[in-house]
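# Descriptive structure summary
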Amino acid sequence: MTRIHNFSAGPSTLPVEVLEETREELVDYRGAGMSLVEMSHRGPHYDAVHSEALALACEVFEVPEDFAPLALQGGATLQFSMLAANLLAAGGVGAYAITGTWARKAVEDAARHGEVMTVWDGSSDQYRRAPRTDELAVEPGTRYLHICTNETIEGVRYTQWPDVGVPLVGDVSSEFMSRPVPWELFDLVYGGVQKNLAAPGMALVFVRRAALEGLEPAVGSYLRYDVHLAANSLHNTPPVFSVWVLGKVLRWMRDRGGLAAMESAAAERAGLLYGAIDGSDGWYRCPVEPSSRSLTNVVFRLPTPELEDRFVAEAERAGLSGLKGHRSVGGCRASLYNAMPLDGVEALVGFMEAFREANG
Ligand SMILES: *Cc1c(COP(=O)(O)O)cnc(C)c1O
């Protein structure tokens, strides 16, 4: 078996132990004579998988009791609409801080479901940093402030959580469970699972139960949080495969020390790579201000676009995959999620040094 180092932003690398265990169980699930993905989602096998995955999600992510976990299809993108359709159902304004591509998409979709307001926009500065709390002019009574805690494409992350006196709603897709969340500041935390947590196919949402009380969103049943909450995310056929893999990844995380261990491993990986970038006499450059640098999506530039193309192609041949920056911004990007071993980053740093020597 040849496994290469996968730096793709998403879908992305998963622990090999999880893939092997899934393969072992795929055809005949625990003696049932059929696969988990072939059997009823109302039967005892899936029921156990589903309950365990949701319980583990709350355990590993250290989610307080007053939040409910929901496993929903449509990825993080559907949440852009769904959170606004639900949280703004009784009126009110959703405030948005635009730190990059994903925050911008979130406000564009939300505007179709309620009143929104942009309170900060980093586009004029090429999205090089996250705002400080004192730059966010959020009126008291605003229903929520939406933030993308880590911009996957621009590599920008909030290192300080904004505390603006209204509840936060956070898209954590690309740093899901590699960092603890100050739950007291939030009404809702969500993300697609394919970046840091599981096989593609769903979003995980953690919503403060009290935030849903008395709401009557004028949308179909699938788009209502209260419907999924009442049905324990079994309102309709759930994304069985994603939930199954999620449970395995969460067990893998828990057995390795949980959130604290994931957070320190993320800091170690990112520290190694930023160290190589900063130590290259400006040959490699990170456009993001040091105070806002992502630990999971490290973006960097080389002296010319031609060198960047050659870098990505030669890295690929050396077994370092997925280093091309997003097509909208160019450059290079290494995504370093929970399942990326440190030796993957060491291999990348070694390659970067050799490439610079050969081309510098
Ligand atoms: C990838 C990503 C999304 C979109 O996720 P989908 O699950 O594909 O809809 C949204 N927000 C962030 C921060 C992302 O990284």
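Residues numbered from 1 in each chain as written. Predicted model: local features only at pLDDT ≥ 70, side-chain atom pairs only at ≥ 80, totals over all residues. Heavy atoms only, no water.

## Examining the overall build of the protein
Here is the rule we go by: Strands here mean DSSP runs of E at least two residues long; helices mean DSSP runs of H or I at least four residues long; both are numbered from the N terminus. Throughout, the radius of gyration refers to the C-alpha atoms, and the reference size of a globule is 2.2 Å times the residue count to the power 0.38. Categorising residues by exposure relies on relative accessible area from a 1.4 Å probe, with only protein chains included: less than 20% of the type maximum marks a residue as buried, more than 50% marks it as exposed, and the intermediate range marks it as partly exposed. In what follows, residue pairs with any heavy atoms lying within 4.5 Å of each other are defined as contacts.
Across its full length, the protein holds 9 helices and 13 strands. A compact globule built from 360 residues would reach a C-alpha radius of gyration of about 21 Å, and the protein, at 21 Å, matches this within 12%. For the protein, the spread of C-alpha atoms along the three principal axes comes to 60 × 60 × 30 Å. Scored against the burial criterion, the 360 residues of the protein give a buried share of 56%. The long-range fraction of contacts in the protein, counting pairs at least 24 apart against all pairs at least 6 apart in sequence, stands at 66%.

## Side note on helix H8 (residues 305–317)
Rules: Multiplying one less than the number of residues by 1.5 Å gives the expected span of a helix. Along the arc lie the directions from the helix axis toward the C-beta atoms.
With 13 residues, H8 should reach 18 Å at 1.5 Å per residue; the first-to-last C-alpha distance of 19 Å fits that figure. Of all the positions in H8, only Leu307, Glu308, Phe311, Val312 and Ala315 are classed as buried. On an axial view of H8, the arc spanned by its buried residues comes to 135 degrees, and they lie on one face. Across from the buried face of H8, at angles greater than 90 degrees, the exposed residues are Glu306 and Arg317. Buried-residue contacts for H8 involve strand E11 (297–300), strand E12 (320–321), strand E13 (332–335) and helix H9 (342–359). Positive backbone phi, at 85 degrees, marks Gly319, one or two positions downstream of H8.

## Re the sheet that holds strand E8 (residues 168–171)
Cut-off, in case you're wondering: The rule for pairing is simple: two strands pair if DSSP sees at least two bridges between them. Axis lines are fitted through C-alpha atoms, for helices just across the contact stretch, and the angle between N-to-C directions can take any value from 0 to 180 degrees.
Spatially, E2-E10-E9-E8-E5-E3-E4 is the arrangement adopted by the 7 strands of the open sheet, whose pairing is mixed. Sheet topology places strand E2 (67–72) and strand E4 (115–121) at the edges, where each strand pairs with a single neighbour. Put simply, the sheet's adjacent strands are angled 20 degrees from each other on average, direction ignored. Pairing of strand E5 (residues 144–148) with E8 involves 4 bridges; the strand directions are parallel. What sits directly across from Leu145, in E8, is Leu168.

## Examining the nonpolar core
A general trend in soluble globular proteins is that nonpolar side chains are found buried together. Here is the rule: Here, the term nonpolar core denotes a set of buried Ala, Val, Leu, Ile, Met, Phe, Trp, Tyr and Cys residues that are joined through side-chain atoms within 4.5 Å.
Counting residues in each nonpolar core, the largest one holds 88 residues, and the members touching the most others are Leu145, Met177, Leu204, Phe206 and Phe311. Counting 25 residues, the second-largest nonpolar core is a separate cluster that includes Phe80, Met82, Tyr222 and Tyr225.

## So, the side chain of Ser173
To keep it simple, the criterion reads: We call two N or O atoms a polar contact when they sit within 3.5 Å, provided that within protein one can donate a hydrogen and the other can accept it, with sequence-adjacent residues counted only if both atoms are side-chain atoms.
Note on placement: Ser173 falls in the loop between E8 and strand E9 (186–192). On the accessibility criterion, Ser173 (5% relative accessible area) is buried. For Ser173, the side chain forms a polar contact with the side chain of Asp171, separated by 2.7 Å. Leaving out residues up to four positions away in the same chain, Ser173 has contacts with Ala76, Tyr190, Gly191, Gly192, Lys195 and Asn196.

## As for the site of the ligand
To be explicit about the condition: A cutoff of 4 Å decides nearness: a residue is near a molecule or strand if any of its heavy atoms lies inside that distance of it. Surface accessibility follows the Shrake-Rupley procedure with a 1.4 Å probe radius. Residue values consider only the protein chains on display as shielding. Charged means Asp, Glu, Lys or Arg here, nonpolar means Ala, Val, Leu, Ile, Met, Phe, Trp, Tyr, Cys or Pro, and polar covers whatever is left, Gly included.
Thr77, Thr152, Asp171, Gln194 and Lys195 are the nearest of the 13 residues found near the ligand. Asp171 has a polar side-chain atom sitting 2.6 Å from a nitrogen atom of the ligand. One of the side-chain N or O atoms of Lys195 is found 2.6 Å from an oxygen atom in the ligand. When isolated, the ligand has an accessible area of 390 Å², and the protein chains bury 87% of it. The element contributing the most residues to the shell around the ligand is helix H3 (residues 75–87), with 4 residues. Considering only residue class, the shell around the ligand consists of 4 nonpolar, 7 polar and 2 charged.

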